[in-house]
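# Residue-level structural notes
These are the residues of each chain, in order.
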Amino acid sequence: MARVAAHLLLLLAVAARAIDAPRLSFAQTSNDYDDGTGGTGDKGAQAIAGSPIVAGVMNERLKALTSSFAKAIGKKLDYCIRDTDMEWNAAFDFSKDTTFLTNCMKETEGDFQQRVCTAAEMKFYFNSLLDSGENGEKNYVRPNKNCNLSSWIDGCEPGWACSVGKEQRINLQDDREIPYRALKCQTCCPGFFCPHGLTCMIPCPLGAYCPLSSLNKTTGICDPYNYQPPPGNPKHTCGAADNWADVITTDDIFCPPGFYCPSTIQKLPCSSGFYCRKGSTSQTRCYKKSSCPPNSATQDITIFGALLVVASCLVLLIIYNFSGQILTNREKKQAKSREAAARHARETAQARERWKSAKDVAKKAGVGLQSQLSRTFSRKKPSTQAGPSKIGAGMNQDAGGKKNNLTDMMRSLEDNPDNDEGFNVEVGDKALKKPRGKQMHTRSQIFKYAYGQIEKEKAMQQEQENHNMTFSGVISMAKEHDESSRPVIEIAFKDLTLTLKGSKKKLLRSVTGKLSPGRVAAVMGPSGAGKTTFLSAIAGKATGCETSGLVLINGKIEPIRGYKKIIGFVPQDDIVHGNLTVEENLWFNARCRLSADMSKADKVLVVERVIESLGLQAVRDSLVGTVEQRGISGGQRKRVNVGLEMVMEPSVLILDEPTSGLDSASSLLLLRALRREALEGVNISMVVHQPSYTLYRMFDDLILLAKGGMTVYHGPVKKVEEYFTGLGIVVPERVNPPDYYIDILEGIVKPSLSAGVTVKDLPLRWMLHNGYDVPRDMLQSSSDSESSFRGSTDHSISGEDAGPSIASVLWGNVKDILGQKKDEYDYNKTSEDLSNRNTPGILRQYRYFLGRVGKQRLREARIQGVDYLILCLAGICLGTLAKVSDETFGALGYTYTVIAVSLLCKIGALRSFALDKIYYWRERASGMSSLAYFLSKDTIDHFNTIVKPIVYLSMFYFFNNPRSSIWENYVVLVALVYCVTGIGYTFAIFFQPGSAQLWSALLPVVLTLVATQQKNTIFADLCYTKWALEAFVIANAQNYSGVWLITRCGSLVRSGYNIEHKALCVVVLIANGVISRCIAFFCMVTFQKH
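The paragraphs below set out a description of the structure included in this document. Remember, it's a predicted structure, so these values are computed and weren't measured experimentally. Going along each chain's sequence as written, the residues are numbered from 1 onward. Reporting in this predicted model follows two pLDDT cut-offs: at least 70 for local features of residues, and 80 or more for side-chain atom pairs to be given and counted; totals over whole chains, interfaces and linings ignore these cut-offs and use all residues. For side-chain calculations, the full set of non-hydrogen atoms in the structure is used, while hydrogens and water are omitted.

Take the state of the cysteines next. Defined by distance alone, a disulfide is two cysteine sulfur atoms within 2.5 Å. Counted by the stated rule, this structure contains eleven disulfides. Paired through a disulfide, Cys80 and Cys1049 show a sulfur-sulfur distance of 1.9 Å. Torsion about the S-S bond of the Cys80 and Cys1049 cystine: about 70°, corresponding to right-handed handedness. Residue Cys80 is found in the loop between helix H4 (52-73) and helix H5 (84-92), and its partner Cys1049 is found in helix H34 (residues 1045-1055); the two are separated by 969 residues along the sequence. Secondary structure is summarised from DSSP: a helix means a run of H or I of at least four residues, a strand means a run of E of at least two, and numbering begins at the N terminus for each.

So this is what it looks like as structure tokens:
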């Protein structure tokens, strides 16, 4: 008992002295102890060498040693080690199993601490390792105090170590001086490795397996470490491990895959249902239903990938077949409400007509009764006239009362024709009136209000036809709201001349006249006469030109662009969204361009009125259609194109060839609708080619232009033939007058010789006829004969051709382009608003754009489904072919991922803007917000930014099975998709579709090559692929710890990556996405390609 107590006291003393005086050696502690039987200190040391308490104390000393080493070398390894204490604890915390320390203390007979490397020796070893890697050498330690050319003892051989001697004190945490070790050289303890060229022991990190080696007599190699004992020394046996390096150099000490090593001297096979990767310290349980037989290195989770493939295919099939069902159901509900309201309005109108018929009958009966009574009482004697007269008066009063009641009821119906109470309306009961537009909330109320107003307008239009009333009076009578009518705009121009800025070519020349409100003007002329240029100049859209002359707005010199909110411009091409219905196209324009103060019910009324007037009721819920998808007919599409401008209730409406491609019936329907707009005071002018005689007679004014942009006639249609007859130009019988005049201007038909005028004289004759100032060159040319005129013209042209050089012509063209871009920017930028129309702000327009883009994306769900399917296939292929390599932490698979995801997501992002640029240009010119348009597109695309990484990872992760978590990969992928989507926007806006696709395919490949080949250069840092690849590799590498530390550091230093840059990589990717979006937005508002 006394010996046991003595041993316990010794253990406590050792522990206390180890904690209080860490620099005191273990040998000294044991030597100071006498075991009580006259034994020496060595015997006491042998007695306590196998104690777990002492092993724990030595473990704490080793932790202190490695911590000191970590602090000493931490600055050099900060690129691969984020938290030094945590990483070193994960590598050198042996507190769970200290068996190898206990065994080593027994083998060294209490000389353990004198054999362990100090912080200086560990620092020297790892610095030599780093230097040898940079110099291309492997595993060579530089010469030192103990091992050099003049001194090479057994401890310098691999797998062997020596002691400093028990009498010498040693400080393990000393990181400056290497102690002298040359005593008692023997094999290295299992669980430690003794490098070639050092005479001390370094503990193997966790995840390593470092047993004592054995000599292979066949090869003469110490297995499993591949080093040879020194020749000629039979007493020098094989020792323990000799090296800890990266796994590419040697994986001798790595715990093999399929096994796990809870300590550095123990290797256990992996059980069934678990898997053990290389360098594992414990088993990892497999997912349920995954395949993990005994000794599994990884879990086979491809079954989850297969299930996800099946589930994804089902989801894609559902999306492909039922994507439009949501919008279809909504449209059906809205159509039912609309049809019920229309039916109610028609029934009310029919009831009103029946009541009017009954009222007329009653009125006629009342008049007949009154006349009959008058004749009867007029035959009475004068003496008896007083009494009967009172009776007659009373009867007359009754009849008059009935008449008054009928009249009041008639007036009540006329004043309130949409009253839901039918004929039981009490006179003067204003409480029963239908609420006005601003009080409407439900869809049913709104439609009843709109269709009630339309039916009233139809009735009053019929009354107008019967009583020759103006339609403007009908509309003003029909409107129940007290809003002011549209502002009236008269556009007058004098000597309007347009000249290209660079080439000085005249597009319009001395055009004088005016466009009056309430009139429809037709602009005609041969090809090249400048008809579209003239209307563009009137609308303020003429770009790249120098404008001279005066343009007056209501008699004032004001910029026409200040009225762009109430100017409608219908382009020649049918720029209508094909993936929206007719009603959706019109309703969106109405919401964005009508006054923000107008109620929803009144806006619905405007849209319904336009649909009714253009005859689009039958196709209102039909998609307009695209090239790939059949939609409405060409004539209906043309009418929708016009309706987009009509729904915003313009004061000026300019149309560029709206009847081109239409049959006579469609053209007549369109012109009738425009006539109704003109009766509202709208100033309408349009370019027309070859109108029929019926259409021609429906115009109020005619503007006839000759080649060169000169006016031949500008005045009422009724007087055009009279004017040309005065010039001697008479239209033959059965010939359409505008066709005949255009043939003359084109040179197809020559004026008769008796007329005494030529085609060149017609502009001059018009200017002289109206007393306009005539340019001097026009007077000179008209005084010459036709032949001399041609000769002088040819001479001047030849002189001009000979004058300017090719360089000057090119420079003139460049100036034209630059001037055009500047004018486009000036027109579209925010200017003073003179229209007094408060349209919705950016936030409200953003909401409207968001709804429109959302509908478009739902209808394009099939295309999105194909994108997702391709991403799934890419994830399967790359996850299967590019398996994660522990040597490179999966860099190859992630490189392919960056290229594939960049390519596929950029191609998808191109569709957001590449095909919609022409629509944007039209909407922007009308005053809609560019920022709201861009943000709405980007916001909807955030759905793909979130979903596409999930789709790709659902395949790639389960087939590749990296060590990083799926969440870490998802965060990086989201940042990558956000970045490349912004780049795709820039390509889509700046380039044509073909060039944009080519750039999208080439850029990720080129940038990836630059990032991987030009490491640690400014060019690599400018490549987004470098940051994406670094983020992926770091996310995977930080899960390799313990024995993997050197491999991690070596791989990261070769790649030029820094483990501290994980968050920085994500931030840089997001910043690239933001910057690219800013560039895309700048290009969108600056550059327009026609």
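A separate point is a nonpolar patch on the surface. Nonpolar side chains (Val, Leu, Ile, Met, Phe, Trp, Tyr) within 5 Å and like charges within 9 Å form the patches, drawn only from residues with over 30% relative accessible area and no salt bridge. A 1.4 Å probe and the Shrake-Rupley method give the accessible areas. Residues count as covered only by the protein chains that appear here. Salt bridge criterion: a side-chain nitrogen from Lys or Arg within 4 Å of a carboxyl oxygen from Asp or Glu. Together, Val310, Leu314 and Leu317 give the surface a local cluster of nonpolar side chains, amounting to about 280 Å² of exposed area. On the secondary structure map, Leu317 appears in helix H8 (residues 302-322). Taking the relative accessible area as the measure of exposure, Leu317 reaches 48% and is therefore partly exposed. Burial classes: relative accessible area under 20% of the type maximum marks a residue as buried, over 50% as exposed, and values in between as partly exposed (1.4 Å probe, protein chains only).

For the purposes of this section, nonpolar cores are sets of buried Ala, Val, Leu, Ile, Met, Phe, Trp, Tyr and Cys residues that join through side-chain atoms within 4.5 Å. Membership of the largest hydrophobic core comes to 127 residues, with the highest contact counts inside it found for Phe192, Met201, Trp244, Ile253 and Leu976. In terms of residue count, helix H30 (residues 966-990) provides more of this core than any other element does, 13 residues in total. In terms of domain composition, this core takes at least three residues from each of domain 1 (52-254) and domain 5 (842-1086). Contacts: residue pairs with any heavy atoms within 4.5 Å of one another. Here Met201 is in contact with Cys104, Phe112, Arg115, Val116, Cys117, Ala161, Cys188, Cys189, Phe192, Phe193 and Cys194, once residues within four sequence places are set aside. If you look at the next biggest cluster of nonpolar residues, it comprises 69 residues, including Leu616, Leu644, Ala706 and Tyr713. The source of the domain bounds is an automatic or database domain assignment.

All right, on to the sheet that holds strand S14 (residues 545-553) then. Two modes of strand pairing occur in sheets, parallel and antiparallel, and in both the strands are linked by backbone hydrogen bonds. For two strands to pair, DSSP has to find at least two bridges joining them. Taking strand neighbours across the sheet as the criterion, the three strands line up as S12-S11-S14 in an open arrangement whose pairing is antiparallel. Where the open sheet ends on each side, the last strands, each with one partner, are strand S12 (506-515) and S14. On average, adjacent strands in this sheet sit at an angle of 5° to one another, irrespective of strand direction. Sheet analysis places strand S11 (residues 491-500) next to S14, joined by eight bridges and oriented antiparallel. Paired with Leu500 across the bridge in S14 is Cys545. All axes here are fitted lines through C-alpha atoms, helices being fitted over the stretch that makes contact, and every angle between N-to-C directions spans 0 to 180 degrees. Together, S11 and S12 form the strand contacts of helix H13 (residues 531-539), whose direction differs from that of S11 by roughly 115°.

Along the polypeptide, His714 turns up in strand S19 (residues 710-716). Here a polar contact is taken to be a pair of N or O atoms separated by no more than 3.5 Å, where protein atoms must pair a possible hydrogen donor with a possible acceptor and residues adjacent in sequence count only if both atoms sit in side chains. Separated by 3.2 Å, the side chain of His714 and the backbone oxygen of Lys514 make a polar contact. Residues in contact with His714, not counting those within four places in the same chain, are Phe493, Thr512, Gly513, Lys514, Leu515, Leu702, Ile703 and Trp766.

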